[in-house]
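Here is how the chains run, residue by residue.
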There are 2 protein chains.
Amino acid sequence: MRRNTWQREAVREALGNNEGFVSAQMLHSGLREAGSSIGLATVYRALADLGSAGEADSLQSDQGEVLYRACTPGQHHHHLICRSCGLTVEIEADAVEAWAHQVAADNGFTQPSHVVDVFGMCAKCSAD
Amino acid sequence: MRRNTWQREAVREALGNNEGFVSAQMLHSGLREAGSSIGLATVYRALADLGSAGEADSLQSDQGEVLYRACTPGQHHHHLICRSCGLTVEIEADAVEAWAHQVAADNGFTQPSHVVDVFGMCAKCSAD
DNA sequence: CGGATGAATGATTGTCGTTCTCAGTATGGC
DNA sequence: GCCATACTGAGAACGACAATCATTCATCCG
């Protein structure tokens, strides 16, 4: 039986308030500074749940830590991410989807999935 | 001054003998079982060197560990990877390169880079 | 060749992100 | 309200990787 706890809701809300990808630890310390007594393990659990429920996207940073971001559920999309500030734009890529399927099929691969993310410096960070 | 040691060569060779992506730890235990006395730290250092020299590609597994694979140096390419056995095919994707640059430019992003990898089940593993 | 030099090695320790443990808490059904 | 039990949270454990540092040995140079 799935229960509704204020902790889960707090994580969901904190994630939604964020423009870009954030780490579990950043979310946790943010919530703590806001006066919450939420535990780190709970943040990890909530994020994993949100991820598997399709309510959050995740990716791994260069340093190997997992970053999360709220996303529009049920819709497949990719991301354009600022290396400097983390600003993220959701992008559609039907052409890339088709290409990935084609490449997989051409090489005899089935059940294709793909990882497609574009990194760069956003307009604001480029100006600095 | 860069030195040539048998350890570095052993890592390079072990990497070349492998069809797919392998972790530093897998390489290390494989070399150890083959009778080498190479240290784990040295394997990590050698792999990092090969990576920055463009002689090896790396990617992060779902579990967060970094996997390495020998590649044709100096050529930008992506990978089609079997989720089951790790078999890897290098793929070219000029169209995707162009698309990534276009998407970045459309959103005001500069210095674009991208992560594009396709996962699936290879023909052999699909048959099992 | 042979000694000097300092880059490379490797056993160990440290770091850091994440997961696990387990006793205590509090949610939802009754 | 009461109970079963899913959830929580502090801390320990874990795993991948980086750093440390005494030792080793490639390379240089006479």
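None of these values were measured; they are calculated from a predicted model. (Residues numbered from 1 in each chain as written. Chains lettered and ligands numbered in written order. Predicted model: local features only at pLDDT ≥ 70, side-chain atom pairs only at ≥ 80, totals over all residues. Heavy atoms only, no water.)

Caption draft 1: Molecular detail of the environment of Asn 107 of chain B. Residue and element names in this part refer to chain B. With respect to the element layout, Asn 107 can be found in the loop between α4 (94–106) and β6 (110–121). Spatially, the C-alpha atoms of Asn 107 and Glu 90 are 29 Å apart, while their sequence positions differ by 17 residues. Looking at Asn 107, its side chain comes within polar contact range of the main-chain oxygen of Val 103, at 2.8 Å. (Helix = DSSP H or I, 4+ residues; strand = E, 2+ residues; numbered from the N terminus. Polar contact = N/O pair within 3.5 Å; in protein donor to acceptor, adjacent residues only side chain to side chain.)

Caption draft 2: Representation of the nonpolar core. Core analysis: the biggest nonpolar cluster contains 30 residues, and Leu 80, Trp 99 and Val 118 of chain A together with Leu 80, Trp 99 and Val 118 of chain B have the highest contact counts within it. Put simply, the parts of the chain that give this core at least two residues each are β4 (78–82), α4 (94–106) and β6 (110–121) of chain A together with β4 (78–82), α4 and β6 of chain B. When residues no more than four places from it in sequence are discounted, the contact partners of Val 118 of chain B are Trp 99, Ala 100, Ala 104, Ser 113 and His 114 of chain A together with His 79, Leu 80, Ile 81 and Ile 91 of chain B. (Core = buried A, V, L, I, M, F, W, Y, C linked by side-chain atoms within 4.5 Å. Buried < 20%, exposed > 50% of the residue type's maximum accessible area, 1.4 Å probe, protein only. Contact = heavy atoms within 4.5 Å.)

Caption draft 3: Layout of the relation of the copies chain A and chain B. At an RMSD of 0.2 Å, chain A and chain B line up after a rotation of 179 degrees and a shift of 0.0 Å along the axis. Here the symmetry operator amounts to a two-fold rotation axis. Minimal C-alpha distance to the rotation axis in chain A is attained by Val 116 of chain A, lying at 2.3 Å. Interface overlap between copies is the fraction of interface residues in one copy that are interface residues in the other; for chain A against chain B it reaches 100%, indicating a shared surface. (Least-squares fit on C-alpha atoms with pLDDT ≥ 70 in both.)

Caption draft 4: Quick look at the sheet that holds strand β2 (residues 56–60) of chain B. All names here are of chain B. If you walk across this open sheet you meet the three strands as β1-β3-β2, and the pairing is antiparallel. Unpaired on one side and paired on the other, β1 (22–23) and β2 mark the two borders of the sheet. Pairing of β1 with strand β3 (residues 66–70) involves two bridges; the strand directions are antiparallel. Paired with Ser 23 across the two strands is Leu 67, which belongs to β3. (Pairing = 2+ DSSP bridges.)

Caption draft 5: Seen up close, the protein's contact with DNA strand C. If you check the shell around DNA strand C, you find 22 residues, and the closest are Tyr 44 and Val 66 of chain A together with Arg 3, Thr 5 and Arg 45 of chain B. Taking all atoms of DNA strand C within 4 Å of the protein, the share assigned to sugar and phosphate is 66%. Within the residue set of the surface near DNA strand C, elements represented by two or more residues are α3 (40–52) of chain A together with α1 (6–16) and α3 (40–52) of chain B. Residue contributions to the surface near DNA strand C peak at four residues, all from α3 of chain A. Residues that form the surface near DNA strand C fall into these classes: seven nonpolar, seven polar and eight charged. (Near = heavy atom within 4 Å. Nonpolar A, V, L, I, M, F, W, Y, C, P; charged D, E, K, R; others polar.)

Caption draft 6: The sheet that holds β4 of chain B, seen in detail. Strand order in the open sheet formed by six strands is β5(A)-β4(A)-β6(A)-β6(B)-β4(B)-β5(B), and the pairing between neighbours is mixed. Each end of this open sheet is capped by a strand with a single partner; those strands are β5 (88–91) of chain A together with β5 (88–91) of chain B. For this sheet the average axis-to-axis angle between neighbouring strands, irrespective of direction, equals 20 degrees. Across four bridges, β4 of chain B lies against β6 of chain B in parallel orientation. Each residue of the ladder has a partner; that of Ile 81 of chain B, found in β6 of chain B, is Phe 119 of chain B. The strands that α4 of chain A touches are β4 and β6 of chain A together with β4, β5 and β6 of chain B; relative to β6 of chain A, the one it contacts most, it runs at about 135 degrees. (Axes fitted to C-alpha atoms, helices over the stretch in contact; angles between N-to-C directions.)

Caption draft 7: How the structure looks around the protein's contact with DNA strand D. As a structural note, the neighbourhood of DNA strand D is formed by 23 residues, with Arg 3, Thr 5, Thr 42 and Arg 45 of chain A together with Val 66 of chain B the closest of them. What you see for DNA strand D is that sugar and phosphate hold 67% of its atoms within 4 Å of the protein. For DNA strand D, a phosphate oxygen lies 3.5 Å from a polar atom in the backbone of Ser 37 of chain A. Here a sugar or linking oxygen of DNA strand D and a side-chain polar atom of Gln 25 of chain B are 3.4 Å apart. Mapped onto the surface near DNA strand D, the elements with two or more residues apiece are α1 (6–16) and α3 of chain A together with α3 of chain B.

Caption draft 8: Fine view of the interface of chain A and chain B. Contacts between chain A and chain B engage 36 residues on the former and 36 residues on the latter. Of the roughly 2,700 Å² buried where chain A meets chain B, counting both sides, 63% is carbon and sulfur surface. For the chain A face of the interface with chain B, the top three residues by lost area are Gln 60, Trp 99 and Phe 109 of chain A, together amounting to 23%. At the boundary of chain A with chain B, the tally comes to zero salt bridges. Of all the elements in the fold, those that place two or more residues in the side of chain A that touches chain B are β4, β5, α4, β6 and α5 (123–127) of chain A. Among the elements that take part in the side of chain A that touches chain B, β6 of chain A stands out by supplying twelve residues, more than any other. The class makeup of the residues in the side of chain A that touches chain B is 21 nonpolar, eleven polar and four charged. (Buried area = accessible area lost by both parts, 1.4 Å probe. Salt bridge = Lys/Arg side-chain N within 4 Å of Asp/Glu carboxyl O.)

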